[in-house]
Amino acid sequence: MLDEGKKPLVSIKDLKMHFPIFAGLLRRRVGEVKAVDGVSFDVMEGETLGLVGESGCGKSTCGRAVLRLYDITSGSIEIDDREIGATPQTELRDMRPTMQMVFQDPQASLNPRMTVEDIIKEPLDEHTKLSDAEKRDKVGELMDAVGLNRKFAKRYPHAFSGGQRQRIGIARALALNPKFIVCDEPIAALDVSIQAQVVNLLEDLQEQFGLTYLFISHDLSMVRHIATRVAVMYLGKIVELAPREALYAEPLHPYTKALLSAVPEPDPSLARTTERIILQGDVPSPSNPPQGCNFCTRCPSVMDICKRVEPEYREVQPGRFTACHLYNDTNDTAGQTAGHEAQELTNKENST
Amino acid sequence: MPDGALPVLDVRDLKTVFQTRGGEVHAVNDVSFSLKPGELLGVVGESGSGKSVTMMSLLGLLPSPPADVRGGTVNFDGDNLLDVSPEKLRSVRGGKIGFVFQDPMTSLNPVYQVGFQIMEPLRKHMGMNKREAANRAQELLELVGIPDAKRRLDDYPHQFSGGMRQRVMIAIALACDPQVLIADEPTTALDVTIQAQILELMKELRDKLGMAVIWITHDLGVIAGIADRVLVMYGGQVVEHAPVQDLFGDPQHPYTRALLKTIPSIAGERAARLTIIEGQPPIMAGAPTSCPFRDRCDVAMDRCAVQNPPRYDLGDGHDAACFYDARTGGPRDA
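One structure accompanies this document, and this report is about it.

Cut-offs used in this document
- Residues numbered from 1 in each chain as written.
- Chains lettered and ligands numbered in written order.
- Predicted model: local features only at pLDDT ≥ 70, side-chain atom pairs only at ≥ 80, totals over all residues.
- Heavy atoms only, no water.
- Helix = DSSP H or I, 4+ residues; strand = E, 2+ residues; numbered from the N terminus.
- Rg over C-alpha atoms; globule rule 2.2 N^0.38 Å.
- Buried < 20%, exposed > 50% of the residue type's maximum accessible area, 1.4 Å probe, protein only.
- Areas by Shrake-Rupley, 256 points an atom, 1.4 Å probe, with all protein chains shown as cover.
- Lys, Arg positive; Asp, Glu negative; His and termini not counted.
- Charge placed at Lys NZ, Arg CZ, Asp CG, Glu CD.
- Pairing = 2+ DSSP bridges.
- Axes fitted to C-alpha atoms, helices over the stretch in contact; angles between N-to-C directions.
- Contact = heavy atoms within 4.5 Å.
- Phe/Tyr/Trp six-rings, centres within 6.5 Å; stacked < 30°, edge-to-face > 60°.
- Lys NZ or Arg CZ within 6 Å of the ring centre and 35° of its normal.
- Expected span 1.5 Å × (residues − 1).
- 1 Å grid on protein atoms, 1.4 Å probe; cavity = no way out; pocket = protein on both sides within 12 Å on 5 of 7 lines; lining within 4 Å.
- Points joined across faces, edges and corners; volume = space filled by probe spheres on them.
- Nonpolar A, V, L, I, M, F, W, Y, C, P; charged D, E, K, R; others polar.
- Buried area = accessible area lost by both parts, 1.4 Å probe.
- Salt bridge = Lys/Arg side-chain N within 4 Å of Asp/Glu carboxyl O.
- Polar contact = N/O pair within 3.5 Å; in protein donor to acceptor, adjacent residues only side chain to side chain.
- Parallel < 35°, antiparallel > 145°, perpendicular 65-115°, else oblique.
- Left-handed = near helix turned anticlockwise from the far one by under 90°.

On to the overall build of chain B, then. Of regular secondary structure, chain B possesses 11 helices and 14 strands. Against the compact-globule benchmark of 20 Å for 334 residues, chain B has a radius of gyration of 21 Å, which places it among compact chains. When the backbone C-alpha atoms are referred to their principal axes, chain B occupies close to 65 × 50 × 45 Å. When the 334 residues of chain B are sorted by exposure, 54% land in the buried category. As displayed, chain B has an accessible area near 14300 Å², and 50% of this comes from carbon and sulfur atoms. Each charge sign in chain B was given a centre, from 34 positive and 42 negative side chains, and these centres are 5 Å apart.

Turning our eyes to something else, we now look at the sheet that holds strand β5 (residues 82-83) of chain A. Residue and element names in this part refer to chain A. The four strands are arranged β2-β1-β4-β5 in an open sheet whose pairing can be described as antiparallel. Both outer strands of the open sheet, β2 (28-44) and β5, are each paired with one neighbouring strand and no more. Note: strand β4 (residues 74-79) against β5, two bridges, orientation antiparallel. Bridge pairing in β5 places Ile79 opposite Arg82.

What follows covers the sheet that holds strand β11 (residues 314-317) of chain A. Residues and elements named next belong to chain A. Ordered by their spatial adjacency, eight strands build an open sheet running β6-β7-β8-β3-β9-β10-β12-β11, and the pairing between neighbours is mixed. Each having just a single partner strand, β6 (99-102) and β11 make up the two edges of the open sheet. Sheet twist, expressed as the average angle between the axes of neighbouring strands with direction ignored, equals 25 degrees. As paired elements, strand β3 (residues 48-52) and strand β8 (residues 212-217) share five bridges and run parallel to each other. The residue bridging Val52 from the neighbouring strand is Ser217, located in β8. Helix-sheet contacts for helix α5 (residues 162-174) involve β6 and β7 (180-184), and the interaxial angle to β6 is about 175 degrees. Helix-sheet contacts for helix α6 (residues 192-209) involve β3, β7 and β8, and the interaxial angle to β8 is about 160 degrees.

Within the fold, Ile120(A) resides in helix α3 (residues 116-127). Sequence-wise, Ile120(A) and Lys135(A) are 15 residues apart; in three dimensions their C-alpha atoms are separated by 9.5 Å.

Taken as a whole and judged by the stated rule, the model has 12 aromatic pairs over all chains. Judged by centre distance (5.2 Å) and plane angle (70 degrees), the rings of Tyr255(A) and Phe295(A) are edge-to-face. Within this pair, whereas Tyr255(A) is found in helix α9 (residues 254-262), its partner Phe295(A) is found in the loop between α10 (268-273) and β11, the two being separated by 40 residues in sequence. Note on accessibility: Tyr255(A) and Phe295(A) belong to one class, buried. Residues Phe99(B) and Phe101(B) carry aromatic rings whose centres are separated by 4.5 Å and whose planes lie at 15 degrees to one another, so their mutual orientation is stacked. Residue Phe99(B) is classed as buried on the basis of its relative accessible area, which comes to 11%. Residue class for Phe101(B) comes out partly exposed when judged on its relative accessible area of 28%. By way of ring pairs, the aromatic residues Tyr234(A), Tyr255(A) and Phe295(A) are connected into one cluster. For the cation-ring pair, Arg152(B) lies above Phe160(B), with the distance from its terminal atom to the ring centre recorded as 4.1 Å.

All names here are of chain B. Between its first and last C-alpha, helix α4 (residues 114-125) extends 18 Å over 12 residues, near the 16 Å set by a 1.5 Å rise per residue. Regarding α4, the residues found buried are Val114, Gly115, Gln117, Ile118, Met119, Pro121 and Leu122. Against the buried residues of α4 lie α5 (130-143), α6 (149-152) and α7 (162-174). Just downstream of α4, Gly127 is the residue with a positive phi angle, here 65 degrees.

A word on the pairing of β4(A). As judged from the five bridges shared by strand β1 (residues 8-23) of chain A and β4(A), these two strands associate in the antiparallel manner. Bridging across to β4(A), Val10(A) finds its partner in Ile79(A).

This part takes up the layout of surface pockets. Residue and element names in this part refer to chain B. There is about 600 Å³ of room inside the second largest pocket. In terms of lining, the second largest pocket is formed by 20 residues, of which the most central are Arg93, Gly94, Phe101, Pro121 and Ile172. Those elements that provide at least two residues to the lining of the second largest pocket are β6 (97-100), α4 and α7. Of all the elements, α4 adds the most residues to the lining of the second largest pocket, at five residues. Tallied by class, residues from the lining of the second largest pocket come to 10 nonpolar, six polar and four charged.

By a widely used convention, the size of an interface equals the accessible area lost when the partners come together. The partner chain B presents 47 residues to the 40 residues of chain A that form the contact. Here chain A and chain B share an interface that buries about 3800 Å² over both sides, 54% of which is from carbon and sulfur atoms. There are one salt bridge connecting chain A and chain B. A salt bridge links Asp204(A) to Arg273(B), with the nearest nitrogen and oxygen atoms 3.1 Å apart. For the pair chain A and chain B, the interface holds six residue pairs in polar contact (both at pLDDT 80 or more).

Residue and element names in this part refer to chain A. Side-chain alternation along β6 places Met99 and Met101 on one buried face and Gln100 and Val102 on a second face that is also buried. Inspection of the sheet shows β6 paired to β7 by four bridges, in the parallel sense. Among the inter-strand pairings, Val102 is bridged to a residue of β7, identified as Cys183.

It is worth spelling out the packing of α3(A) against α5(A) at this point. All names here are of chain A. Two elements in contact, α3 and α5, have axes whose closest approach is 7 Å; the angle formed by their N-to-C orientations is 25 degrees. Here α5 runs roughly parallel to α3, going by the angle between their axes. Relative to α5, α3 is oriented so that their crossing is right-handed. Facing α3, whose interface residues are Val116, Ile119, Ile120 and Pro123, α5 presents Ile168, Ala171 and Arg172. Class assignment for the residues of the contact of α3 with α5 results in six nonpolar, no polar and one charged.

Function cannot be read off these values alone, since they describe shape.
This is the structure:
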């Protein structure tokens, strides 16, 4: 693979997170929302894995499931050589310092009745035996590290702007010297000029503390900036995972292509000349995904086989994974070949 | 777009102030712009830059108090909208000027069928009877690309997806053949693939119906793809105004230049590090006596702290409110 010297810090295999749906008079279980449905990936030590997708594709659920904020349906999660997929919540507690989270909405994830100092100190209270003076020092250091003025330690979150609140959230996540941080849309709630500040801060901290990030976002251009490798999710599954440059230069999966072509380009001459792939329709419900490939209802290069057989998620080029029948030359699972002409997906427009 | 055409909407020196317990907040300061028929004007700015408040002020949509539209004129269809009676204004809103809001879920009434909500302006403004309105509503839903329109008229908003709801909102705004459509962040709550659908639809409709559109957004990428002319707002003021090609190709205000540098792109060279604009957007307490951007500006001068720069005309429909002349690299003459 690409980073030969590096080993995976996080290794996810066939992770499933299904939420039951109860309905009717007796509240019987009538089905389930397959928010995350069989996802596998590794996060290498020191890298940033970008996880992108549209709302409802399960990317946030995936991030939370990886940290075991949910009791997962099935699958294996290995973080720092420890399997935590089935560990009871009480035993996870001593594992928590190595894995932390930065949440999307800094307004909602900070307790409005606690001062900044108390917020950042709380993990230290819970997990360390430091003295009060040591904790205060540590809080000061953390505030310096994220670019907050130490003088504001006694203030409450409402006195800070959105970008500063996100810095508080980041300082709290850093308090216990974690190795792995899940950043769940950390910049989505911020203004453009503030987003860049927070992204640069995350990059600085990664370098300084040797952090590993799972960076969840719907902003493809920001992910291109921060991520080492990128995974694209659609309807609970990863459809493509590739190193950043390869993914943006030459996306393989039709969904990745459509997603990238839909990103508005801040250049008027380019924006008016590029041919966009406009997907028809909406994302199907995750409680009732289509048969075969999840993307077959909107795919511009859909084939017969896509509506019957689910494509296997596999490595099609070194370091590049995708789940699409277009790249299955030897159709071992289907028994019927997809046909060579089907690979010319760019020329196919008949399905619209 | 026709250059010599008379503007359909002309806003001069609009000023809106909010009374708060902490004092006055000057949300809109002397904003002027005009809109020609068939033109798509993009308005960009960060949250709090005054872009939405400007549009709501000119339609009288802000509750007063706390809002107070202090001055200016809004010329539309021979009237100054700031002076006309509430009844007259009501007939303009939703009639000749359509409005699409950011969040389609909160702006549709959840307890009425969408058909009823589309028919409401048709019956109020156009005096149609029920059957005519129903036919027109069906046409409108077809126009905005909702399949199976006739049946969908009886559905409630929750039965539509986010993108479909925004299409319904656009259908309502288009119901009375407006001359002007004001779209306030219409795609911000939507996913990129759905956003692409709506942008495509808007371009199509604009060409087909020939109306003028004001498109408010914070996304420069969207502006690049859709707008003819762009207003850049900061701290309640227009800081730059230019045809879209010039704005991206030759930005003159330091804020516009910085903003264009901060956003990463999915194509082209990948910057090793993002350029950032230091500091925070201004708090707009009190009438402006200095340039709102000076604390974050890399070419700020002494003069910027004592005087608020006017909009300097730079030719070819381009103007910028800055004492620094980016073309000569020196200060501008007074």
